[in-house]
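Summary of the model geometry
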Amino acid sequence: MTAGLRSARLPFQDRFGLSAGDLRQVLGIALARGGDFADLYLEYRGYSSVHMEEDIIKDTAESVVMGMGIRVIKGDQTGYGFSNDLAFDKLSRAARAASAIALTGGAAKVRAFGKKPVALKLYSNSEPAHAASLSKKIKLVQEAYAAAQKHNPAVVKVAASLQDMVQYVRIVNSEGLSVEDARPLVRLTCLAVAEKNGQRESGYSGGGGRVGLEYFDREYTPRDIGRDAAREAVGLLEAVPAPAGEMPIILSPGHSGVLVHEAVGHLLEADFNRKKTSIFWNKMGRVVASELVTIYDDPTIPFFRGSYAVDDEGVTPRKTCLIRKGVMTGLLQDRLSARLMKKRPTGHGRRQDFTCWPVPRMSTIYIAAGGHDPEEIVRSVKKGFYADRFQGGQVEDSGKFTFSVSSGFLVEGGRLTAPVKQATLIGTNIDVLKRIRMVGSDLTFGLQTGTCSKEGQDVPVSDGCPTIQISRMTVGGSR
Amino acid sequence: MKPGAAAELRSLAQALVDFGRSKGADEIEVSAGDSTEFTVDVRRGKVENLVEAGSRQAGFRVIVDKKTAYASSSDLSRETLHRLIGRAVERARLATSDDFAGLPPLAGADFGIAGLRLFDPRVPELDPAVKVKLALETERAALADKRITNSHGASFSTHVTTGVLANSNGFLQDYDETFCSLSVSLQAGRTGGVVEDFWFSSGIRFQDLAPAEEVARRAVERTVRQLHPRKIKTQSVPVVFEPLQTSWLMGFLFACVSGVSVYQKTTFLADRLGDLIGSEAVTVVDDGLLPGRPGSRPFDSEGVPCGRTVVVDRGRLRSFLCNVYAGRKLGLPATGNGEGSGVSPNNFFLQPGLKTPDEIIASMDKGLVLIKTIGHGLNPTTGDISRGAFGLWVERGEIAYPVSEVTIAGNLGQVLKDIEVAGNDPETQTPVHGPTVKVREMTVAGT
């Protein structure tokens, strides 16, 4: 018995206890004072987790998130209300709150629901986590835990967790759209702490995606997840402090996608460009990177954590080319920015939950594979820094960004030598993109465990990157 | 607070405790909350977003045979809540029995809630038009400065919450809180040389907020001082942390003195209780009982009364901050820092000193005043710090020019020992805070 909901087969209408007529009426109240557009976002989410530490199954958790968000758009203004109570009077009150944005002017008509976007098939769910037994989930967590613990006697502490959820959404709008999506999401993570001579280091790994528990039989087994977390922690015990200063950088394949996410992705979200706060706002069609660089954001990669069959505004997502051979070609659009910029939405309007309105977000962003042999890229650097694994990063609209390397290597004479501890890399995005000298043929995607924060909203994301050489960047080590 | 919210939530929580007991829970804890939020974002003189909404949620912890399960829901139908509790009892049986698990014993009945002044009756009554006007005025005042070239907008928001906690040891308490905040975020400079920053004023009471012009003035000043930055060479120099920078340093220290991290050994301070870990200038306190302050609360999420804990006393590590579980595991007292299954800070701060920030800067031959940092770069297991940094370069005791695209690096263990002086200017708007501090030496990486 676990995390289950009412049967997954249950029609959405029954799940939320609201008929199409009720929903049209709420939209009518939302637009009663005027407005160009209104939409409703109904969400029912079941979440469950198992946590193991100190050799015991310490606790399990289950939660239900249910509610509706109501949005009214008038020009470039948004009114928003939400309620966790789906009683009609509560929804009417939330709709009236949202309607306050439009005090004058004509209102859009509420059309009958009929339009349905194309439904993409992106989720693998042959063994749905929300229907699996708790003992099966406990077993997966125990496997990862044991693998980390047994990897090396230096491992002194391990923690492992499995989190899964299924999110049912129904989105309807005043233009007659009505669409539903049932999104699975699973993540198994492991943290290991290793100790030697009083010095402690931690390592981390994990996997998952829009998948069921079958993922852990094949794609990335609990055993491998535990081993990789332990391996990173143990490896760091031998690591030296990172160097400080400007030097050539090699980015490892996969994990380095964080750099693309921070350096490029956020500032190509349409809202920052519409408001002219992003460094990219006047650079469409211009050279913003080395000609070796082509960058996509693709919400339609099957089974990925960042993927979705429809976005949170009911738009069918599209693989979007942001930079082609160094030239800026696209933005990540939601409905509002697309409407104001007279572009097509690209299906990147996402929200954390029903309490939030959608904003343009990334899904899976990656640098396309290039033509260089990864080994040749390492050989090309006489003295520099190889960034291997990452913790995350941050960017400001001016283009200054950082990302944190949790472990790396010194590069000396074209070879990886000493392992190196945590360091932050900093740069200005367009400068760094122009300094990309080599792009490997080995495009790899990072851990399927990432979460991105923007304006207080967290959404699951993925990223990818081949091996890359950057001619120079500042490494924030301590020696 | 909606009229009657506290009474409704109290009876709901008590009924759920009784229901849990009847389903076989040895112990059960129920929290229930009602929150109302209002936010207005304005940008370039116009309302951009307007949000007004209320919501409720409930959370449970169930213990059966010293085995724990959690659940929460924003669907408050009785059917759902009963189903979740019933299943939590079932799930708990599959966890491992743990002698340290369990609720705290019943604390005394008087929490002096009124004296904490966490609720301002004016906040729920505020006219939305007043809130919109404040945000507009703040942004207008900032944009009036010709050096400001763009705006991320200004926001005003209010939160009104009622929280109830009940458990099977007989605990049943509630309290109301208000919070309001006014902020503006700006850009200066032209393409290629854009700099940005923000300022805010926040507090429990509406009357605590700074005037719109003051918030705008600080935001403008903080933004334009970064214009025309230079890069500097990699070097080790003294670093002065402005109060908001000391805030994240204290946040990082909190993560390292969390009792949960201590038993998990994910902090470099795990074996250092009683040791000298910092300089004379370092006294750090966690205090949940400061009246009218946003980090105050009468009791924590487990019903343990909050209090005042000296964490570091003139450099010596005196306490770890523990929830009930971590306290039992480590043989230390629970400090009123419980938050769900983890811990959170109350008002957690570095005690201010006597020097003004200007005196501190004047005492420095050369070095960096740290004004903004970005990125993650904090590792509690090792204490390592490495962050993207923006600052002001100091030469012969005076600010010479702004610096950007550098990083600062060091180790919290060393930084605490190297804090030479704490200023007299704590920024108390945030629960985790501190004054200006001067650190003897850190690595600044540039070209």
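Residues numbered from 1 in each chain as written. Chains lettered and ligands numbered in written order. Predicted model: local features only at pLDDT ≥ 70, side-chain atom pairs only at ≥ 80, totals over all residues.

1. Details of the overall build of chain B
- Assigned secondary structure in chain B consists of 11 helices and 20 strands.
- For a compact globule of 447 residues, the expected C-alpha radius of gyration is about 22 Å, and chain B comes in at 24 Å, within 12% of that figure.
- Its C-alpha atoms give chain B principal-axis dimensions of about 70 × 55 × 35 Å.
- For chain B, restricting intrachain contacts to residue pairs at least 6 apart in sequence, the fraction spanning at least 24 positions comes to 71%. (Helix = DSSP H or I, 4+ residues; strand = E, 2+ residues; numbered from the N terminus. Rg over C-alpha atoms; globule rule 2.2 N^0.38 Å. Contact = placed C-beta atoms within 7 Å.)

2. With respect to the sheet that holds strand 8 (residues 284–287) of chain B
Residue and element names in this part refer to chain B.
- Taken in spatial order, the 5 strands line up as 10-9-8-13-19 in an open sheet, and their pairing is mixed. Edge positions in the sheet fall to strand 10 (316–317) and strand 19 (432–433), since each has one partner strand and no second.
- For strand 8 and strand 13 (residues 347–350), the ladder comprises 4 bridges, and the chain directions are antiparallel. Looking across to strand 13, one finds that Val-285 is bridged to Phe-349. (Pairing = 2+ DSSP bridges.)

3. Quick look at unusual backbone geometry
Residue and element names in this part refer to chain B.
- Although it is not a glycine, Asp-65 adopts a positive phi angle of roughly 50°.
- For Asp-65, the position within the fold is in the loop between strand 2 (46–64) and strand 3 (67–73).
- Owing to 12 C-beta atoms within 10 Å, Asp-65 belongs among the exposed residues under this scheme. (Buried ≥ 20, exposed ≤ 12 C-beta atoms within 10 Å, placed from the backbone.)

4. Details of the domain arrangement of chain B
Residues and elements named next belong to chain B.
- With domains assigned, chain B is organised as domain 1 (5–224) and domain 2 (229–447).
- Measuring from the centre of the C-alpha atoms in domain 1 to the corresponding centre in domain 2 gives 24 Å.
- If you list the elements that add at least two residues to the side of domain 1 that touches domain 2, you get strand 1 (27–43), helix 3 (113–116), strand 4 (148–167), strand 5 (172–188) and strand 6 (195–203).
- Ranked by the residues each element gives to the side of domain 1 that touches domain 2, the list is headed by strand 6, at 4 residues.
- Partitioning the side of domain 1 that touches domain 2 into residue classes produces 15 nonpolar, 8 polar and 4 charged. (Domains from an automatic or database assignment. Nonpolar A, V, L, I, M, F, W, Y, C, P; charged D, E, K, R; others polar.)

5. Observations concerning the pairing of strand 16 (residues 415–420) of chain A
Residue and element names in this part refer to chain A.
- With 4 bridges connecting them, strand 15 (residues 400–412) and strand 16 associate as antiparallel partners. Paired with Gly-408 across the two strands is Val-420, which belongs to strand 16.
- The hairpin turn running from strand 15 into strand 16, its antiparallel successor, is 2 residues long, and Gly-413 in that turn takes a positive phi close to 60°.

6. Looking at the domain arrangement of chain A
All names here are of chain A.
- Domain boundaries assigned for chain A yield domain 1 (12–237) and domain 2 (244–476).
- One C-alpha centre belongs to domain 1, the other to domain 2; they are set 23 Å apart.
- Contacts between the two partners involve 39 residues from domain 1 and, on the opposite side, 29 residues from domain 2.
- At the level of secondary structure, the elements contributing two or more residues to the side of domain 1 that touches domain 2 comprise strand 1 (37–53), strand 2 (56–74), strand 3 (77–83), strand 4 (155–173), strand 5 (178–196), strand 6 (199–209) and helix 6 (222–237).

7. Concerning the interface of chain A and chain B
- Taken residue by residue, the interface counts 69 residues in chain A and 63 residues in chain B.
- The dominant element in the side of chain A that touches chain B, judged by the number of residues it contributes, is strand 2 of chain A, at 12 residues.
- Its residues assigned to classes, the side of chain A that touches chain B shows 24 nonpolar, 31 polar and 14 charged.

8. Some details on the sheet that holds strand 8 (residues 295–297) of chain A
All names here are of chain A.
- Here we have 6 strands laid out as an open sheet, ordered 10-9-8-13-22-19, and mixed in their pairing. Since the sheet does not close on itself, it has two edges, and those belong to strand 10 (327–328) and strand 19 (444–445), each with one partner.
- Two elements, strand 13 (residues 364–367) and strand 22 (residues 462–465), share 3 bridges in a ladder whose sense is parallel. Bridged to Thr-364 within strand 22 is Ser-462.
- Lying on the sheet, helix 7 (residues 257–265) is in contact with strand 8, strand 9 (320–324), strand 13, strand 19 and strand 22; it crosses strand 22 at an angle near 105°. (Axes fitted to C-alpha atoms, helices over the stretch in contact; angles between N-to-C directions.)

9. Observations concerning the packing of helix 1 (residues 5–22) of chain B against helix 2 (residues 78–94) of chain B
Residue and element names in this part refer to chain B.
- Helix 2 packs onto helix 1 with a crossing angle of 40° between their chain directions and a minimal axis gap of 10 Å. With respect to each other, helix 1 and helix 2 are oriented oblique. Remark: the crossing between helix 1 and helix 2 carries right-handed chirality. Residues Leu-16, Phe-19 and Gly-20 of helix 1 form the contact with helix 2, whose own contacting residues are Leu-81, His-82 and Ile-85. (Parallel < 35°, antiparallel > 145°, perpendicular 65-115°, else oblique. Left-handed = near helix turned anticlockwise from the far one by under 90°.)

10. Let's talk about helix 3 (residues 88–99) of chain A
- The terminal C-alpha atoms of helix 3 of chain A lie 16 Å apart, and with 12 residues this matches the ideal 16 Å at 1.5 Å per residue to within 8%.
- The set of residues buried in helix 3 of chain A consists of A:Leu91, A:Ala94, A:Ala95, A:Ala97, A:Ala98 and A:Ser99.
- Where helix 3 of chain A is buried, its residues contact helix 2 (20–30), strand 2 and strand 3 of chain A together with strand 2 of chain B. (Expected span 1.5 Å × (residues − 1).)

11. What to know about the environment of B:Ala141
Residue and element names in this part refer to chain B.
- Here Ala-141 lies in helix 5 (residues 128–143).
- The buried category is assigned to Ala-141, around which 20 C-beta atoms lie within 10 Å.
- Sequence separation between Ala-141 and Asp-313 is 172 residues; the distance between their C-alpha atoms is 43 Å.
- The residues contacting Ala-141, other than those within four sequence positions of it, are Ala-212, Glu-213 and Ala-216.

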